[in-house]
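# Examination of the molecular architecture
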6 protein chains.
Amino acid sequence: MERVDGRQADQLRPVQIQRQYLIHPEGSVLITVGNTKVICTATVEEKVPPFQKGSGKGWVTAEYGMLPRATGTRTQREVTRGKATGRTMEIQRLIGRALRSVVDLQRLGERTIWIDCDVIQADGGTRTASITGAFVALKDACRRLLKNKQIQKDPIIEALAAVSVGKVAGELLLDLAYEEDAKAEVDMNVVMTAGGRFVELQGTAEGTPFGRDELDAMLRLAEKGICELIEAQNQALAESAQA
Amino acid sequence: MERVDGRQADQLRPVQIQRQYLIHPEGSVLITVGNTKVICTATVEEKVPPFQKGSGKGWVTAEYGMLPRATGTRTQREVTRGKATGRTMEIQRLIGRALRSVVDLQRLGERTIWIDCDVIQADGGTRTASITGAFVALKDACRRLLKNKQIQKDPIIEALAAVSVGKVAGELLLDLAYEEDAKAEVDMNVVMTAGGRFVELQGTAEGTPFGRDELDAMLRLAEKGICELIEAQNQALAESAQA
Amino acid sequence: MERVDGRQADQLRPVQIQRQYLIHPEGSVLITVGNTKVICTATVEEKVPPFQKGSGKGWVTAEYGMLPRATGTRTQREVTRGKATGRTMEIQRLIGRALRSVVDLQRLGERTIWIDCDVIQADGGTRTASITGAFVALKDACRRLLKNKQIQKDPIIEALAAVSVGKVAGELLLDLAYEEDAKAEVDMNVVMTAGGRFVELQGTAEGTPFGRDELDAMLRLAEKGICELIEAQNQALAESAQA
Amino acid sequence: MERVDGRQADQLRPVQIQRQYLIHPEGSVLITVGNTKVICTATVEEKVPPFQKGSGKGWVTAEYGMLPRATGTRTQREVTRGKATGRTMEIQRLIGRALRSVVDLQRLGERTIWIDCDVIQADGGTRTASITGAFVALKDACRRLLKNKQIQKDPIIEALAAVSVGKVAGELLLDLAYEEDAKAEVDMNVVMTAGGRFVELQGTAEGTPFGRDELDAMLRLAEKGICELIEAQNQALAESAQA
Amino acid sequence: MERVDGRQADQLRPVQIQRQYLIHPEGSVLITVGNTKVICTATVEEKVPPFQKGSGKGWVTAEYGMLPRATGTRTQREVTRGKATGRTMEIQRLIGRALRSVVDLQRLGERTIWIDCDVIQADGGTRTASITGAFVALKDACRRLLKNKQIQKDPIIEALAAVSVGKVAGELLLDLAYEEDAKAEVDMNVVMTAGGRFVELQGTAEGTPFGRDELDAMLRLAEKGICELIEAQNQALAESAQA
Amino acid sequence: MERVDGRQADQLRPVQIQRQYLIHPEGSVLITVGNTKVICTATVEEKVPPFQKGSGKGWVTAEYGMLPRATGTRTQREVTRGKATGRTMEIQRLIGRALRSVVDLQRLGERTIWIDCDVIQADGGTRTASITGAFVALKDACRRLLKNKQIQKDPIIEALAAVSVGKVAGELLLDLAYEEDAKAEVDMNVVMTAGGRFVELQGTAEGTPFGRDELDAMLRLAEKGICELIEAQNQALAESAQA
């Protein structure tokens, strides 16, 4: 079976990570994965939510949005609906949880880093691209805190990236584009550290349940993709070192 | 390490499934797992959401709620907040998706089964207890449709149950109670069919990422738990056969 | 005219009051009146609303809800509508007002007791069952405050219960079931103390206005019902004395 | 005890009912009761709510509002809060129910009459003034339907008015002004027909419960007030006969 | 072309400004411009919004509403919609901005004046009538502050009024009534001081864009109208001097 | 006085208009005006709002949004607030009205063009940049309708652009950057056609009212800016002719 864009089953789409994309935020990235484009920003706020007050620890939280015409047909704005959809809630909770798992909140001190991921163009994998891009924005925000001597040690413990894998027409594929995702029998999102350990694993059988062997094969695909994404992050972070 | 209630690491809490708990719904169950108690109902509605109209296929959807004092301290009603929390959204989407994966929507015909899971008392594992209990309520609603000759064949393809597993103080445990869940390093919810295949797999590292070996061990624990839960469902469904 | 369940015109439905129904709340009751079942809980919170701050007085407030399939056809969740219905508002204001009328807020001190009444199964008279059950939950919460020496004197001045009366097909009836209520010409809810004095009186002519003589006869019926309900409360409170 | 404005215990405040107060509505009244002023309008809409469709019957419904500075201190607009208060809900349900009880919905035909009561200035008794004034606006709207031959017979069966009574500092009073209402021990609203029968009776013990004898005495006061209010309605309706 | 009410192209509708219309507010006006009637109130609150705290300066803010039957067909209440319409938002922001431009916030001190403009009857020009009437209510509130020695100097720097001009069927007209406004090709609202300077200028081409010469002619019409409105304000303020 | 970025008083910031910025929409533009960046898209929908149904005419409507970190400090998402701010409402109404004024809705036929303007980076003038960019996206959407023969004649009658002018520290300036806008005494937005006629004129005195001579001078500045913006639009539209 040929993939919609001619890729191999275990091949990522082309990835670009453009740092310092915006002038205002403490960290800002435009991540492009195939046709999926997400603006990820990191904002430092010098206070924490009530449950962290007085703990000496900071917080990392995320919000996710999508422009109305990021999609093939126009999506109604959430503000017009009056509330976020369940999908948005699920995604932003995932992004926040994933990033917190590689941050030492003690080292961050009593401040919050807000991550905003806004999808400019969607073609599948927006939540995984958001996590991968947001990590770089978060890193830049931490570098600035270090440079300004607001913190002593980098609170980021380890790099992290995310990718989707799935089963489409009986075949296991890495990094599903929208067209593949829409007909996938199994859809799995994996968030993994540079050290190859799991941060988040969310697998869903859309139609037929999947067996243990398929799970194993999908996790191998995901691991390969994550390695390449972390490589792309490292290159971006190295380049902008002089910026 | 002794567990909070003296259980073995691989032991479920006591499970009871009481069918026909309420007089009005087409299917209704009170499921008790340790101190967690959930009322699960199934309601048949003779119409489908817009996206299924004219398809000849039905739909299964779920809503989840919690009484204010299901919890140790009072939780504000969601209607007072004006909208469901992200947690509620996430859980009800999970319940609906899981149940749909074992239903043949064609056999169901153009009707919707609404699943309502309302937590009366919470002590960890409310989402997995909801799925396990809701399956039985759904089964009863389908039996009634069959008995009334509204449908010809049972739309339920296979039984399904759900359980949590996790890593607490370095140890892998089956079926976490609230106190364990609150300090878990890894928390994983597994939805599995009677045939041992995955319907949903959601693993989250709360603090430190987890390795492949830990994943494998947790999946073995989950499989054991699911077998016992499906056994409990079968007994309940057999008992009420004469009711 | 025979009543739907064979009762006499002046006969209550069977009443059960199960105390300590849940493990978490300071007071919790499952009250059953015929097929109507309501979980009533009392929660003690160590603060008061802004208008009571610094007054040395406490507050009692109530919220009311209904599970979607408490009713014959499924009722949409209020959180999905985005706000409570007028009916819910009216009922919860009534419950709070009624209970406050028998509480000495000075003795309670600057704390709030939250009453939550959640209807598990509805067959008419849910607001009156809520008040009757909530009184017992409130009593248990006060007993606990006394036992813990958080207060010196029981803030509850007098017992209180509630019942509906009405005129159906020209006949005056005590304690209307749903089927009776739906076709009632007059519907009246009475909240009365153990001493036979009125706390709340709400009579509504659904179709034709009612005369003074009918009012008098309905009040006599209500008084009889209230006496029996207060007797049931006393028995429940005596039983659990040793619990 | 002297009343705040020097009235006798059984004396109404001065009442004025100005018809055709606005140019657009089918019926419109400015009712003044002491310092309380309410604009009541009746709007005819040629459709009915879903539950009346095809029944051949009409509907009467009411909404109630208050200008922010109708009150001594500014009240926040309900649209700013995002939803109506429980008080508003309760009042508008009462107004609609009361008016429907004297309307033959069959004669009205499949159309809705919307009653809007907007309080311009509040000094106690706004809900009872609203009902008394709205009756006149409703009457005018029905007269217009008759005049235009949209209906054959007047759907209004009988006149109706409303008044408050209460117990203040141990004394029973008719038609409480705000200052009296604020310290009332018992507060009762009575809606009664010209024929002296009850449409609605809502009595609340704010502090201490009230006995049967007090109820009887308050009902006598209310009856006297209602008679005088119906007399005022009749005069207003007679005057404008030539308008 | 004859105007709908026989006026000249450059003629205002009859204007009345009734002060002290309500008993509670610090300033209250009923302004009538033809058939348009607006109640304008000014409320003094002894605090400022967060952004003014500690600045020594006050604030002036406005809210705008419309009774459901102010209009020819009934308009749904905004609270029922759940939020203010864009039109309401636009108008109330305009009123607040306009009034602030003639107030010395330093002289006002750290207090807020709330302006409420509620349209009782609408026939075009409700926003300009609101501004013209609100100025008088604001003036009265300031006079009271001066009289009570809460402030030392009148914070109002200069008088201000507002009027609409437009192009209807090719002709330029002053003070459009609703029927004219509905078919206007250009609609312009002008807020101007007694000294003939602009505070706000909002011109909109509904169909065809307008040229510079038309703009000039409309501004001349507006200036004439504003002069007459300020004259009416002055008369009202003089009359009530003795009140 | 030197401007913040060294510009002349009558000089625009550098303008870039990048067409076909996104793959999904029928028209999409990234417009850059100095540091202000807005994504403008045009979406064709084959239906019209209720008030246009059966008229044979189409509709053009606009929505406006801003990413949270488009601004110097993070702005809360409107969906989190639960509703759009008054500012957003005002701006999107302005954009829609302005574009409709140059569209022949009859030629468009019964379809809606949705304009979405999302600010990626804000530095003053976001509403005028939105209009200028949206015109180009709208033009592209119309070209596509023409190319697909869905319409016969271009519904766009004339080009249109928008710019701000203002008075800062006593000097009249063209195209205010954020820093200038924040301290402007007068702020005016002008929407004008290629033919030099006004579509919309909104001038606001932030502090002190402005005179007729200042108005005239500001309008001359605006006219100069609009000419240059329309030139930029024409170049962009010519370039992409071959795309």
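Residue indices begin from 1 for each chain and proceed along its sequence in written order. All chains are assigned letters beginning at A, and all ligands numbers beginning at 1, according to the order in which they are written. Whole-chain, interface and lining totals are the exception, using all residues; otherwise, since this is a predicted model, local features are given only for residues with pLDDT of at least 70 and side-chain atom pairs are given and counted only at 80 or more. Side-chain numbers here rest on the full set of heavy atoms in the structure, without hydrogens or water.

### Structural notes on the overall build of chain A
Secondary structure elements follow DSSP: runs of H or I no shorter than four residues count as helices, runs of E no shorter than two count as strands, and numbering proceeds from the N terminus. When helices and strands are tallied, chain A shows six helices and nine strands. Scaling as 2.2 N^0.38, a compact globule of 243 residues should have a C-alpha radius of gyration of about 18 Å, and chain A matches this with 18 Å. Partly exposed residues are those whose accessible area sits between 20% and 50% of the maximum for their type, while under 20% is buried and over 50% is exposed, using a 1.4 Å probe and protein chains only. The proportion of buried residues among the 243 residues of chain A is 62%. Of the contacts made within chain A by residues no fewer than 6 positions apart, 68% connect residues no fewer than 24 positions apart. To be clear on the numbers: accessible area is Shrake-Rupley with a 1.4 Å probe, and residue cover counts the displayed protein chains and nothing else. Of the accessible surface of chain A, which amounts to about 9300 Å², a share of 47% is contributed by carbon and sulfur atoms. If you average the places of the 32 positive and of the 33 negative side-chain charges in chain A, the two averages end up 7 Å apart. C-alpha atoms define the radius of gyration in this analysis, and the globule rule sets the expected value at 2.2 Å times the number of residues to the power 0.38. Only heavy atoms matter for contacts: two residues are in contact if any of them lie within 4.5 Å across the pair. For this count, His and the chain ends are skipped, Lys and Arg are scored as positive, and Asp and Glu as negative. Charge positions are represented by NZ for Lys, CZ for Arg, CG for Asp and CD for Glu.

### Notes on the pairing of strand E8 (residues 186–193) of chain B
Residue and element names in this part refer to chain B. Most of E8 sits inside the fold, with eight of its eight residues counted as buried. Because side chains alternate across E8, one face comprises the buried residues Val186, Met188, Val190 and Met192, and the other comprises Asp187, Asn189, Val191 and Thr193, equally buried. Pairing analysis gives eight bridges linking strand E6 (residues 160–168) to E8, with the strands arranged antiparallel. Bridge assignment links valine 165 to a residue of E8, and that residue is methionine 188. Pairing of E8 with strand E9 (residues 198–205) involves seven bridges; the strand directions are antiparallel. Each residue of the ladder has a partner; that of valine 190, found in E9, is leucine 201. Note on pairing: two strands pair once DSSP finds at least 2 bridges between them.

### What about the pattern of salt bridges?
Any Lys or Arg side-chain nitrogen found within 4 Å of a carboxyl oxygen on Asp or Glu counts as a salt bridge. One pass over the structure, following the stated rule, counts 144 salt bridges over all chains. For Arg107(E), the salt bridge goes to Asp104(E), with nearest N and O atoms at 3.6 Å. Arg107(E) gets classed as partly exposed once you look at its relative accessible area, which sits at 34%. One continuous salt-bridge network, built from bridges that share partners, spans Arg3(A), Asp5(A), Arg7(A), Arg13(A), Asp123(A), Asp175(A) and Glu180(A).

### Quick word on the arrangement of the chains
Contact between chain B and chain E is absent, and the least distance between their C-alpha atoms amounts to 11 Å. The two units chain C and chain F never meet; even their closest C-alpha atoms stay 11 Å apart.

### Points about the packing of aromatic side chains
When the centres of two rings from Phe, Tyr and Trp lie within 6.5 Å, Trp using its six-membered ring, the rings pair. Their planes under 30 degrees apart give stacked, over 60 give edge-to-face, and anything left gives tilted. Tallied over the full model, the rule gives twelve aromatic pairs over all chains. Measuring from centroid to centroid gives 4.8 Å for Phe51(D) and Trp59(D), while their planes differ by 85°, and the two rings are edge-to-face.

### A short note on the side chain of Asp116(C)
Tracing the backbone shows Asp116(C) in strand E5 (residues 112–121). On the basis of relative accessible area, Asp116(C) is assigned to the buried category, the value being 1%. For the purposes of these results, a polar contact is taken to be a pair of N or O atoms within 3.5 Å, where, inside protein, one atom must be able to donate a hydrogen and its partner to accept one; residues adjacent in sequence count only when each atom of the pair is a side-chain atom. A polar atom in the side chain of Asp116(C) sits 2.6 Å from the side chain of Arg74(B). Beyond its immediate stretch of four places on either side in the chain, Asp116(C) contacts Pro68(B), Arg74(B), Arg77(B), Ile39(C), Cys40(C), Thr41(C) and Glu63(C).

### What about the UniProt feature "binding site: phosphate" (unreviewed entry) in chain A?
All names here are of chain A. Under the UniProt annotation, "binding site: phosphate" (unreviewed entry) lies at Arg87, Gly125, Thr126 and Arg127. The annotated residues occupy 41 residues of the chain but converge on a single region, no pair of C-alpha atoms lying more than 13.2 Å apart. For glycine 125, the location among the structural elements is in the loop between strand E5 (112–121) and helix H4 (126–147). Aside from chain neighbours lying at most four places away, what touches glycine 125 is Arg13, Thr36 and Leu176. If near-sequence neighbours (up to four positions away) are discounted, arginine 127 is found in contact with Arg87, Glu90, Ile91, Leu94, Asn189 and Gln202. UniProt positions are given in the numbering used here, feature names are shortened, and annotations may be inferred rather than shown by experiment.

### Comments concerning the relation of the copies chain A and chain F
For the match of chain A to chain F, the screw axis carries a shift of 0.0 Å, the RMSD comes to 0.0 Å, and the turn is 180°. Such a combination of rotation and displacement between the chain copies is what one expects of a two-fold axis. Nearest to the rotation axis, the C-alpha of Val79(A) is located 2.1 Å from it, this being the minimum over chain A. Least squares is the method for superposing the copies, and the C-alpha atoms it fits come from residues with pLDDT of at least 70 in both.

### Overview of the side chain of Thr43(E)
Within the element layout of this structure, Thr43(E) appears in strand E3 (residues 36–45). Owing to a relative accessible area of 5%, Thr43(E) belongs among the buried residues under this scheme. A distance of 2.9 Å separates a polar atom in the side chain of Thr43(E) from a polar atom in the side chain of Arg69(D). Other than its neighbours up to four places away in sequence, Thr43(E) contacts Arg69(D), Arg74(D), Glu26(E), Thr112(E), Ile113(E) and Trp114(E).

### Digging into the nonpolar core
By size, the foremost hydrophobic cluster in this structure holds 159 residues, and its most contacted members are Ile115(C), Ile113(D) and Ile115(D). The element that contributes the greatest number of residues to this core is helix H6 (residues 212–239) of chain D, accounting for eleven residues. Look past the residues within four positions of Ile113(D) in its chain and what remains in contact with it is Ala42(D), Thr43(D), Val44(D), Trp59(D), Val60(D), Thr61(D), Leu108(D), Leu138(D), Cys142(D) and Leu145(D). Only buried residues count toward a nonpolar core. Its members are Ala, Val, Leu, Ile, Met, Phe, Trp, Tyr and Cys residues joined through side-chain atoms within 4.5 Å.

### Structural notes on the interface of chain A and chain F
Size of an interface: often given as the accessible area lost when the parts come together. Facing 35 residues of chain A, the contacting portion of chain F comprises 35 residues. Buried area: the sum, over both parts, of the accessible surface (1.4 Å probe) that disappears when the two are put together. For the chain A face of the interface with chain F, the top three residues by lost area are His24(A), Arg69(A) and Arg74(A), together amounting to 25%. Notably, a salt bridge pairs Glu63(A) with Arg77(F), separated by 3.0 Å at the nearest N-O pair. When contributions to the side of chain A that touches chain F are tallied by element, the ones reaching two or more residues are strand E3 (36–45), strand E4 (59–66), helix H1 (78–81) and E5 of chain A.

### Notes on the UniProt feature "domain: Exoribonuclease phosphorolytic" (unreviewed entry) in chain A
Residues and elements named next belong to chain A. The positions that UniProt labels "domain: Exoribonuclease phosphorolytic" (unreviewed entry) are, in the present scheme, residues 11–141 and 161–225. A helix fraction of 30% and a strand fraction of 31% characterise residues 11–141, whose end C-alpha atoms lie 31 Å from each other. Helix makes up 29% of residues 161–225 and strand 43%, whereas the separation of the span's terminal C-alpha atoms amounts to 9 Å.

### Quick notes on the environment of Lys47(B)
All names here are of chain B. Positionally, lysine 47 belongs in the loop between strand E3 (36–45) and strand E4 (59–66). Put simply, lysine 47 and leucine 237 are 190 residues apart on the chain and 27 Å apart in space, counted from C-alpha to C-alpha. When neighbours within four sequence positions are excluded, lysine 47 is seen to be in contact with Glu110, Arg111 and Thr112.

### Side note on the sheet that holds strand E4 (residues 59–66) of chain F
All names here are of chain F. Across the sheet, which stays open at both edges, the five strands sit in the order E1-E2-E3-E5-E4 with mixed pairing between neighbours. Taken across any chain shown, the strands that pair with only one partner, and hence form the sheet edges, are strand E1 (15–19) and E4. Each neighbouring strand pair of the sheet contributes to a mean axis angle of 15°, computed without reference to strand direction. Whenever a helix is involved, its axis is fitted only over the stretch in contact; in every case the axis is a line through C-alpha atoms, and angles between N-to-C directions fall within 0 to 180 degrees. Along the sheet, helix H2 (residues 86–100) makes contact with E4 and strand E5 (112–121), crossing E4 at roughly 145°.

### Regarding the sheet that holds E3(E)
Residues and elements named next belong to chain E. Overall, mixed pairing links the five strands, which are arranged E1-E2-E3-E5-E4 in an open sheet. Sheet topology places strand E1 (15–19) and strand E4 (59–66) at the edges, where each strand pairs with a single neighbour. Averaged over all pairs of adjacent strands, the angle between their axes in this sheet comes to 15°, without regard to strand direction. Where E1 meets strand E2 (residues 27–33), five bridges bridge the pair, whose relative direction is antiparallel. Across the sheet, valine 15 pairs through a bridge with valine 33, a residue of E2. Sitting on the sheet, helix H4 (residues 126–147) touches E1, E2, E3, E4 and strand E5 (112–121), and the angle it makes with E3 is about 35°.

### Digging into helix H4 (residues 126–147) of chain B
All names here are of chain B. With 22 residues, H4 ought to run about 32 Å at 1.5 Å a step, and its terminal C-alpha atoms sit 31 Å apart, in line with that. For H4, the buried fraction is high: 18 of the 22 residues fall into the buried class. At the exit of H4 stands lysine 149, carrying a positive phi of roughly 55°. An expected span of 1.5 Å times one less than the residue number is assigned to each helix.

### Things to note about the confidence of the model for chain A
For chain A, per-residue confidence averages 95 on the pLDDT scale, and 98% of positions sit at 70 or higher. Scoring the predicted complex yields pTM 0.90 and, for the interface, ipTM 0.94. What pLDDT reports is the predictor's confidence in each residue, on a scale of 0 through 100.

### Overview of the environment of Ser101(F)
Here Ser101(F) is to be found in the loop between H2 and helix H3 (105–108). Separated by 107 residues in sequence, Ser101(F) and Thr208(F) have C-alpha atoms that sit 32 Å apart. If we ignore the near neighbours within four places in the chain, the residues touching Ser101(F) are Ala205(E), Gly207(E), Pro209(E), Leu160(F) and Val199(F).

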